[in-house]
Amino acid sequence: MAKEKSDNTEIEILNAAKEIFQQKGMDGARMQEIADKAKINKALLHYYYRSKQLLFEAVFKSAFALLAPQLNKVLNDDSDLFDKIRKFTDSYISFVIKNPYLPNFVIQELNKNPEFIQKLRLQENFPSITTFKLQVSDAIEKKIIIPIQAEQLFINIMSLNVFPFIAEPLLTALINVDKKKYNEIIQNRKIDVANFIINAIKI
């Protein structure tokens with residue numbers, strides 16, 4: 001019973017922290033505010049996480065642990081290259097719609113602590129593009145796609161998927177749409193981004 005209660009408390013802390021970090025960012029969040037949201041006292045919060053940085057990393061790892069296996073599965077399954085691009089885009093955008101704080105978390109953390117990604121790389125199911133690179137080479141050899149470095153193609157895919165979440169305030173202003181319309185645009189990108197990339201590389 002004690003362990004179950006402890007596990008539940010930690011889940012409540014992570015959920016509260018995720019919400020506060022999403023609203024106010026790493027710098028704007030306060031431990032007292034997170035404790036209040038989790039309905040615990042600050043001392044208990046510090047018992048679980050000694051600092052805001054450790055709590056931030058725990059929230060990030062919790063979210064990344066859900067996303068990484070999905071992306072890794074897509075990158076290494078037996079589907080052809082074009083299906084892989086479609087599935088990757090759909091999986092990533094669907095996940096980030098549910099966890100919109102994640103891309104900014106990545107940028108914030110890597111700017112402050114570049115070594116943090118090395119910790120993530122040691123985790124099980126960290127995405128690997130080895131199979132993806134072989135498929136790109138095979139598709140080039142069979143003249144299915146134009147010659148392109150697999151790394152460049154992967155960066156293009158990631159960039160087109162990630163940027164609209166990071167730059168949402170800027171983009172909504174530039175294209176003059178409200179939040180509801182922008183969300184519709186993001187939903188449509190699950191298909192539009194994949195089609196754009198495939199049409200750009202196929203022969």
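Quick caveat: nothing in here was measured; it's all calculated off a predicted structure. (Residues numbered from 1 in each chain as written. Predicted model: local features only at pLDDT ≥ 70, side-chain atom pairs only at ≥ 80, totals over all residues. Heavy atoms only, no water.)

**Q** Help me understand a nonpolar patch on the surface in this model?
**A** There is a patch of nonpolar side chains on the surface, built from Leu-170, Leu-174 and Ile-175 and spanning about 310 Å² of accessible area. In this structure, Ile-175 sits in the loop between helix 10 (168-174) and helix 11 (179-201). (Patch = residues over 30% accessible without salt bridge, like charges linked within 9 Å, V, L, I, M, F, W, Y side chains within 5 Å. Areas by Shrake-Rupley, 256 points an atom, 1.4 Å probe, with all protein chains shown as cover. Salt bridge = Lys/Arg side-chain N within 4 Å of Asp/Glu carboxyl O. Helix = DSSP H or I, 4+ residues; strand = E, 2+ residues; numbered from the N terminus.)

**Q** So what exactly am I meant to see when it comes to the pattern of salt bridges here?
**A** When charged atoms on two side chains of opposite charge get close, those side chains can pair. By the definition in use, this model includes nine salt bridges. One salt bridge in this structure joins Arg-86 and Asp-83, with 3.3 Å as the shortest N-O distance. With a gap of three residues between them, Arg-86 and Asp-83 both fall in helix 5 (residues 81-98), about one helical turn apart. Judged by its relative accessible area of 36%, Arg-86 falls in the partly exposed class. For Lys-133, the salt bridge is made with Glu-151, and the minimal N-O distance between the two is 3.3 Å. Here the residue Lys-133 occupies a position in helix 8 (residues 130-141), and Glu-151 occupies one in helix 9 (residues 150-166), the gap between them amounting to 18 residues. For Glu-151, a relative accessible area of 36% translates into the label partly exposed. Each of the salt bridges in this network shares a partner with another, and the network as a whole consists of Asp-77, Lys-84 and Lys-87. (Buried < 20%, exposed > 50% of the residue type's maximum accessible area, 1.4 Å probe, protein only.)

**Q** What is the right way to look at the nonpolar core in this model?
**A** Note that soluble globular proteins tend to have their nonpolar side chains buried in a common cluster. Counting 59 residues, the largest nonpolar core has Phe-21, Leu-55 and Phe-132 as the members making the most contacts within it. Take this core: its biggest share by element is twelve residues, from helix 4 (residues 52-76). In this structure, Phe-132 is in contact with Leu-75, Leu-81, Lys-84, Ala-150, Leu-153, Phe-154 and Ile-157, ignoring residues within four places of it in sequence. (Core = buried A, V, L, I, M, F, W, Y, C linked by side-chain atoms within 4.5 Å. Contact = heavy atoms within 4.5 Å.)

**Q** Can you walk me through the packing of helix 5 against helix 11 in this structure?
**A** The relative placement of two packed helices comes down to the angle between their axes together with the axis-to-axis distance. Contact geometry of helix 5 with helix 11 gives a least axis separation of 9 Å together with a crossing angle of 155°. Our classification of the angle between helix 5 and helix 11 gives roughly antiparallel. Relative to helix 11, helix 5 is oriented so that their crossing is right-handed. Contact with helix 5, carried on its side by Phe-82, Ile-85, Arg-86, Thr-89, Asp-90, Ile-93, Ser-94 and Ile-97, involves Ile-186, Gln-187, Arg-189, Lys-190, Val-193, Ala-194, Asn-195, Ile-197, Ile-198 and Ile-201 of helix 11 and no other residues of that element. For the contact of helix 5 with helix 11, the class distribution of residues is ten nonpolar, four polar and four charged. (Axes fitted to C-alpha atoms, helices over the stretch in contact; angles between N-to-C directions. Parallel < 35°, antiparallel > 145°, perpendicular 65-115°, else oblique. Left-handed = near helix turned anticlockwise from the far one by under 90°. Nonpolar A, V, L, I, M, F, W, Y, C, P; charged D, E, K, R; others polar.)

**Q** I keep staring at the packing of helix 9 against helix 11 and nothing clicks. Help me out?
**A** Put simply, helix 9 and helix 11 touch, their axes get as near as 10 Å, and they point 165° apart. Regarding the angle of helix 9 to helix 11, the classification is roughly antiparallel. In this structure, helix 9 meets helix 11 at a crossing whose hand is right-handed. Residues Leu-153, Ile-157, Leu-160, Asn-161, Pro-164 and Phe-165 of helix 9 pack against Tyr-182, Ile-186, Arg-189, Val-193, Phe-196, Ile-197 and Ile-201 of helix 11.

**Q** How should the packing of aromatic side chains be read in this particular structure?
**A** A full pass over the atoms with the stated rule returns four aromatic pairs. Their ring planes at 80° and their centres at 5.4 Å tell us that Phe-21 and Phe-56 sit as a pair that is edge-to-face. Remark: Phe-56 occurs in helix 4 and Phe-21 occurs in helix 1 (residues 2-28); sequence separation between them is 35 residues. The pair Phe-21 / Phe-56 is uniform in exposure class, with both members buried. Judged by centre distance (5.4 Å) and plane angle (90°), the ring pair of Tyr-47 and Tyr-48 falls under edge-to-face. For Tyr-47, a relative accessible area of 65% gives the class exposed. Taken together, the ring pairs in this structure connect Phe-88, Phe-132 and Phe-154 into an aromatic cluster. (Phe/Tyr/Trp six-rings, centres within 6.5 Å; stacked < 30°, edge-to-face > 60°.)

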